[in-house]
Amino acid sequence: MELLGYILQQCINGLQLGAVYALIALGYTMVYGVLRLINFAHGDIFMLGAFIAYYLISRFSLPIYVVFALTMLCTALAGYIIEKVAYKPLRNAPRISLLITAVGVSLFLEYFLSLKSVFTPNYIAFPRPFEVEAFDVFLFTVTNVQLIIFAITGTSLGLLYLLVYKTKKGTAMRAVSYDQEIASLMGINIDATISLTFIVGAALAGVGGILYGIAYPQINVFMGIMPGIKSFIAAVLGGIGIIHGAVLGGFIIGMSEVFVSAFLSSTFRDGVIFVILFLVLLLKPTGIFGKRIDKV
Amino acid sequence: MKKTLCICLVLLISLFCTGFSFAKDVVKIGLITPLTGDVKTFGESTKNAFNIALEEYAKTGKYKIVPIIADDRNDPTEGANAALKLISQDKVLAIVGPLTSKVAIPVSEIANSNKTPMISGTATSPKVTFSDGKRKPYVFRACYIDPFQGTIGANFAIKQLKVKTAAVLYDVGNDYSKGLAEYFKATFAKGGGNVVAYESYQKDDVDFSALITKVGMKKPEVIYVPDYYNKVALIAKQIREKGLKSALIGGDGWDSPELIKIAGNSIVGGSFTNHYSPDRKDPIADAFIKKYKEKFGNVPDALGALGYDSTVMLLKVLDNVKRPTQEEIMKALTTVKNFKGVTGRISFDKNGDAIKSAVILKVEKDGFKYLTTINP
């Protein structure tokens, strides 16, 4: 019974971590879907989201839902600008140029924002907008922070689903990801669709950033690197370019991290995650939901 | 043949250059300290203390000191780069710092192989002055070392807190944290206690929920968290959120006002081993604290106090030697006995480590309270 409680408790821990990974992984996977680009700057947008929320809460003490709305707006804008400035001019360039640019944008964001006159490279305490409360349920405890993370992640995923599968814009997005040329022949505005993808992905990363800040109340400009890499692995694991794959991948990565720490040792944790990446690339490079090798 | 000649020539010229710069009355002293990053409050107080020491020296000293301050961001690579720059470009006579063991270890290798005396105020890992079975003759420190600190932490838990079970959480990539954890574990087990969990995490980790849930199952009476304040605050918060009531203890890395600011109630009631307490009455310490408070508005932490002690010690030695060469300074430092510093009397043992007593402080809502002093 005690073991069961322990496992359930660790599941909750894994879900909490997985939810954040899922939110970030969605951005990777959506951008890859329409542009065949691994947007390395995505982890930094996540960081940007946490910092914007920090300033909104600590300087203006806005209510939390306003913080969410404004942060999403800001990160969406950042995603839009990055796409327009860095990636759009390279639309017809070789794919490798795009990839290198993405790495460049990521490094630029990290080191520019770590300047003393911008965000500084210091660790900053993230002010929680509410007190933490724990509830005992059955064999385990859940905190209100965890419940909020689950609720907000669930809502975001639901809205994303509606957007992608139930609207014209979403149909356009899927069409572009299927075949850019044919989609443009059908009268779809490719540039606008790509911009929209970046905007939605960045907004989700912004939400992830706030949730991360609330759950682990300490932020710094390099906080996006590891979650970024792990979410990328999650996206690959689920099948890059596939939306529900990214969500499942995020939860699998979160769970594996927690269970490796729980039953092996936390020293192996990151190692196991990368072994998962190797295995996926070796055995099923298209990921869990991937059906075919994409034509290049 | 030509190559060797060339090298000899370069060496000769560089020797001449260094000799030449000493002929004037200007002496360059470098300070390597983390002014940004995860332990920036440590770096700031050390820099403040360094400047106070230089100001005092300027009134009476024999030389004009040109300080060169470098930021290491608590990053070993940054620290090593800073040390190379200070030594090869700025040609400093000696280096004060770095603060943390993980940066001080690579820097000590560089300083020692370039024969530049280095005094760290607070790097407590044994590897700073001694590694691969060899003493690094040019490296000194003004503090005690991890075996002593870890041992005191464990003895405090057994004798004062009277606990039987303990858990240890440490950063596997940090020599300081690892060293303290090892010595705590060994001493605690020797003293009849039971270390029920010995778990590590990594530098960039922020999610400790899996670890803490695991540790919580074993119901330890105390949890030893030997890390720097930022990480400790995060861990302490998550420990309390998971409903664990265990007492928390730690090392000198806790000594920052940020700890209470970030962790709040989660850390109140915890205790840690430290180098000095501003509450202890001592004329030298009181004078320093008063001056520091006037200038910077707060009471200096142990890092500041030790930074001050190491700088003053270096400057005193500098005035006493006949010629300010790096070798002379090194030799003079080895003979330092009973130097009266802010943090107590300092003598170096044969490894260049200070023989010092430790204090134990308790975390309260409004600051750290002095509990007791433990002699070596």
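Calculation rules
Residues numbered from 1 in each chain as written. Chains lettered and ligands numbered in written order. Predicted model: local features only at pLDDT ≥ 70, side-chain atom pairs only at ≥ 80, totals over all residues. Helix = DSSP H or I, 4+ residues; strand = E, 2+ residues; numbered from the N terminus. Rg over C-alpha atoms; globule rule 2.2 N^0.38 Å. Buried ≥ 20, exposed ≤ 12 C-beta atoms within 10 Å, placed from the backbone. Contact = placed C-beta atoms within 7 Å. Axes fitted to C-alpha atoms, helices over the stretch in contact; angles between N-to-C directions. Parallel < 35°, antiparallel > 145°, perpendicular 65-115°, else oblique. Left-handed = near helix turned anticlockwise from the far one by under 90°. Nonpolar A, V, L, I, M, F, W, Y, C, P; charged D, E, K, R; others polar. Pairing = 2+ DSSP bridges. pLDDT = per-residue confidence, 0-100. Expected span 1.5 Å × (residues − 1). Arc of directions from axis to C-beta. Right-handed = clockwise from strand over helix to strand, strands pointing away.

**Some details on the overall build of chain B**
Point 1. Of the regular secondary structure elements, chain B holds 12 helices and 16 strands.
Point 2. Taking 21 Å as the expected radius of gyration for a compact globule of 376 residues, we find that chain B reaches 21 Å, a close match to that expectation.
Point 3. Seen through its C-alpha atoms, chain B measures out along the principal axes to roughly 70 × 50 × 35 Å.
Point 4. Taking all 376 residues of chain B together, 54% fall into the buried category.

**What about the overall build of chain A?**
Point 1. Looking only at helices and strands, chain A features 11 helices and four strands.
Point 2. Taken over the C-alpha trace, chain A has a radius of gyration of 19 Å; the compact-globule value for 296 residues is 19 Å, and the two agree within 12%.
Point 3. In terms of overall dimensions, chain A has C-alpha extents of about 60 × 45 × 35 Å along its principal axes.
Point 4. Across the 296 residues of chain A, 47% fall into the buried class.
Point 5. Of the contacts made within chain A by residues no fewer than 6 positions apart, 74% connect residues no fewer than 24 positions apart.

**Regarding the packing of helix 10 (residues 243-263) of chain A against helix 7 (residues 209-217) of chain B**
Point 1. Contact geometry of helix 10 of chain A with helix 7 of chain B gives a least axis separation of 8 Å together with a crossing angle of 30°. Taken as axis vectors, helix 10 of chain A and helix 7 of chain B run roughly parallel relative to one another. Classified by chirality, the crossing of helix 7 of chain B by helix 10 of chain A is right-handed. On the side of helix 10 of chain A, the interface is formed by A:V258, A:S261 and A:A262, while helix 7 of chain B contributes B:A210, B:L211, B:T213 and B:K214.
Point 2. A per-class count over the contact of helix 10 of chain A with helix 7 of chain B returns four nonpolar, two polar and one charged.

**Quick look at unusual backbone geometry**
Point 1. In this structure, B:P98 follows B:G97 across a cis peptide bond, with omega equal to -10°.
Point 2. For B:P98, the location among the structural elements is in the loop between strand 3 (94-96) and helix 4 (101-113).
Point 3. Although it is not a glycine, A:S61 adopts a positive phi angle of roughly 35°.
Point 4. As for its placement among the helices and strands, A:S61 is situated in the loop between helix 2 (42-60) and helix 3 (64-87).
Point 5. Positive phi values are uncommon outside glycine, yet B:R73 reaches one of about 55°.
Point 6. One can find B:R73 in the loop between strand 2 (64-71) and helix 3 (76-89).
Point 7. Accessibility expressed as a C-beta count within 10 Å gives 22 for B:R73, which makes it buried.

**Quick notes on the interface of chain B and chain A**
Point 1. Tallying the contact residues gives 25 residues for chain B and 24 residues for chain A.
Point 2. Of all the secondary structure elements, the ones that give two or more residues to the side of chain B that touches chain A are strand 9 (194-201), helix 7, helix 8 (229-241) and helix 9 (257-263) of chain B.
Point 3. Ranked by residues supplied to the side of chain B that touches chain A, first place goes to helix 7 of chain B with six residues.
Point 4. Here the side of chain B that touches chain A is built from residues that sort into eight nonpolar, seven polar and 10 charged.

**A look at the pairing of strand 2 (residues 134-137) of chain A**
Residues and elements named next belong to chain A.
Point 1. As defined by bridge partners, strand 2 adjoins strand 3 (residues 140-143) across four bridges and the pair is classed as antiparallel. Pairing of F135 across the sheet is with V142, part of strand 3.
Point 2. Two successive antiparallel strands, strand 2 and strand 3, enclose a turn made up of two residues, where F138 displays a positive phi of approximately 50°.

**Considering the confidence of the model for chain B**
All names here are of chain B.
Point 1. With 94% of its residues at a pLDDT of 70 or more, chain B shows a mean pLDDT of 89.
Point 2. Confidence scores differ between elements of chain B, with helix 1 (residues 2-23) showing the lowest mean pLDDT of 55 and strand 10 (residues 222-224) the highest of 96.
Point 3. A low-confidence stretch, residues 19-24 (pLDDT under 50), is modelled with three contacts involving residues beyond four sequence positions or located in other chains.
Point 4. The ipTM assigned to the predicted complex is 0.82, against a pTM of 0.83.

**Description of the sheet that holds strand 1 (residues 26-33) of chain B**
All names here are of chain B.
Point 1. Sheet architecture is open: five strands sit in the order 2-1-3-4-7, paired in parallel fashion. Each edge of the sheet is formed by a strand with only one pairing partner; in this case those strands are strand 2 and strand 7 (139-141). For this sheet the average axis-to-axis angle between neighbouring strands, irrespective of direction, equals 25°.
Point 2. Bridging between strand 4 (residues 118-120) and strand 7 involves three bridges; their strand directions are parallel. The partner of S120 across the bridge, within strand 7, is R141.

**Describing the environment of B:D309**
Point 1. Looking at where B:D309 falls in the secondary structure, it is placed in helix 11 (residues 302-320).
Point 2. As for B:D309 and B:Y198, which are separated by 111 residues in sequence, their C-alpha atoms are 35 Å apart.

**A look at the environment of A:I149**
Residue and element names in this part refer to chain A.
Point 1. Structurally, the position occupied by I149 is in helix 5 (residues 144-166).
Point 2. Considering only alpha carbons, one finds I149 and S97, 52 residues apart in sequence, at a separation of 37 Å.
Point 3. Leave out the neighbours within four places in its chain, and I149 touches Q16, A19, L211 and A215.

**Description of helix 4 (residues 95-113) of chain A**
All names here are of chain A.
Point 1. For helix 4, with 19 residues, the first-to-last C-alpha span of 27 Å sits near the 27 Å given by 1.5 Å per residue.
Point 2. Turning to helix 4, its buried residues are T101, A102, V105, S106 and L109. All buried residues of helix 4 lie within an arc of 140° about the axis, which places them on one face of the element. Across from the buried face of helix 4, at angles greater than 90 degrees, the exposed residues are I96, S97 and V103.
Point 3. Tucked into the core, helix 4 has its buried residues touching helix 2 and helix 3.

**Section: the sheet that holds strand 8 (residues 165-171) of chain B**
Backbone-to-backbone hydrogen bonds join strands into a sheet, with any given pair of strands oriented parallel or antiparallel.
Residues and elements named next belong to chain B.
Point 1. Strand order in the open sheet made by the seven strands is 9-8-10-11-12-15-16, with mixed pairing throughout. Because the sheet does not close on itself, it has two edges, and the strands there are strand 9 and strand 16 (367-374). On average, adjacent strands in this sheet sit at an angle of 25° to one another, irrespective of strand direction.
Point 2. Relative to strand 9, helix 7 is tilted by about 175°, and along the sheet it contacts strand 8, strand 9 and strand 10.

**Some words on the pairing of strand 8 of chain B**
Residue and element names in this part refer to chain B.
Point 1. Burial analysis of strand 8 places six of its seven residues in the buried class, which makes it a mostly covered element.
Point 2. With seven bridges joining them, strand 8 and strand 9 adopt parallel strand pairing. Paired with V168 across the strands is Y198, a residue of strand 9.
Point 3. The handedness of the strand 8 to strand 9 crossover, carried by helix 6 (residues 175-190), is right-handed.
Point 4. As paired strands, strand 8 and strand 10 are joined by three bridges and run parallel to one another. The residue of strand 10 that forms the bridge with A166 is V222.

**Topic: helix 5 (residues 146-160) of chain B**
Residue and element names in this part refer to chain B.
Point 1. The first and last C-alpha atoms of helix 5 sit 20 Å apart over 15 residues, in line with the 21 Å expected at 1.5 Å per residue.
Point 2. Those residues of helix 5 that fall on the buried side of the exposure criterion are D146, F148, Q149, G150, T151, I152, G153, A154, F156 and A157.
Point 3. Just downstream of helix 5, K162 is the residue with a positive phi angle, here 50°.

**Comments concerning the environment of B:T151**
Residue and element names in this part refer to chain B.
Point 1. If you trace the backbone, T151 turns up in helix 5.
Point 2. Between the alpha carbons of T151 and A181 there is a distance of 9.6 Å; along the sequence they are 30 residues apart.
Point 3. In this view, T151 contacts Y183 and T187; residues no more than four positions away in its chain are not counted.

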